[in-house]
Amino acid sequence: MTVLELLILLLIAGICGSVAQSLAGFSRGGCLVSVVVGLIGAMLGNVLARNLGLPEPLAIQVGRQTFPILWSIIGGALFVAVLAFLTARRPR
């Protein structure tokens, strides 16, 4: 994997992470947090899709790596929703 391919994958993960954060309605941090949410969402989404036997309808291939766009957004939204639930402010 070249440096350019890595940067392109990080850019795609950042876009997917920011879409996931906006879908969940909870955002903490900036661009780096969006990239992390996109990468965690891709891992979580792939695990969910594989366990449920679902296809990979929208994926981008950069070099030899395939990045699942749809599952990254779905997994990222689930991850952010769980984070929002766990860090929600409780009334005193």
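Residues numbered from 1 in each chain as written. Predicted model: local features only at pLDDT ≥ 70, side-chain atom pairs only at ≥ 80, totals over all residues. Heavy atoms only, no water.

**With respect to the environment of Pro-91**
Thinking step 1. Summarising the element assignment, Pro-91 is placed in the segment after helix H3 (69-86).
Thinking step 2. In sequence terms Pro-91 and Arg-50 are 41 residues apart; their C-alpha atoms lie 39 Å from each other. (Helix = DSSP H or I, 4+ residues; strand = E, 2+ residues; numbered from the N terminus.)

**Some thoughts on a nonpolar patch on the surface**
Thinking step 1. Side chains of Leu-44, Leu-48, Leu-52, Leu-54, Leu-58, Leu-70, Ile-74 and Leu-78 sit close together on the surface and give an oily, nonpolar patch of about 640 Å² of accessible area.
Thinking step 2. Looking at the nonpolar patch, the elements with two or more residues in it are helix H2 (31-52) and H3.
Thinking step 3. Mapped onto the secondary structure, Leu-54 falls in the loop between H2 and strand E1 (59-62). (Patch = residues over 30% accessible without salt bridge, like charges linked within 9 Å, V, L, I, M, F, W, Y side chains within 5 Å. Areas by Shrake-Rupley, 256 points an atom, 1.4 Å probe, with all protein chains shown as cover. Salt bridge = Lys/Arg side-chain N within 4 Å of Asp/Glu carboxyl O.)

**So, the pairing of strand E2 (residues 65-68)**
Thinking step 1. Where E1 lies against E2, four bridges are found, and the strand directions are antiparallel. Each residue of the ladder has a partner; that of Gln-61, found in E2, is Thr-66.
Thinking step 2. Linkage of E1 to E2, two consecutive antiparallel strands, is achieved through a turn of two residues, within which Gly-63 is found at a positive phi near 65 degrees. (Pairing = 2+ DSSP bridges.)

**Let's talk about H3**
Thinking step 1. Across its 18 residues, H3 extends 26 Å between first and last C-alpha, which sits within 8% of the 26 Å expected from 1.5 Å per residue.
Thinking step 2. Those residues of H3 that fall on the buried side of the exposure criterion are Ile-69, Trp-71, Ser-72, Ile-73, Gly-75, Gly-76, Ala-77, Val-80 and Ala-84. (Expected span 1.5 Å × (residues − 1). Buried < 20%, exposed > 50% of the residue type's maximum accessible area, 1.4 Å probe, protein only.)

**Overview of helix H1 (residues 3-24)**
Thinking step 1. Taking 1.5 Å per residue as the helical rise, H1 with its 22 residues ought to reach 32 Å, and the 31 Å between its terminal C-alpha atoms agrees with that figure.
Thinking step 2. Taken together, the buried positions of H1 are Leu-9, Ile-12, Ala-13, Gly-14, Cys-16, Gly-17, Ala-20 and Gln-21.
Thinking step 3. Considering only its buried residues, H1 is in contact with H2, E1, E2 and H3.
Thinking step 4. Downstream of H1 by a residue or two, Gly-25 has a phi angle that is positive, lying close to 75 degrees. (Contact = heavy atoms within 4.5 Å.)

From the geometry alone we can't say anything about function, so treat these as descriptive.
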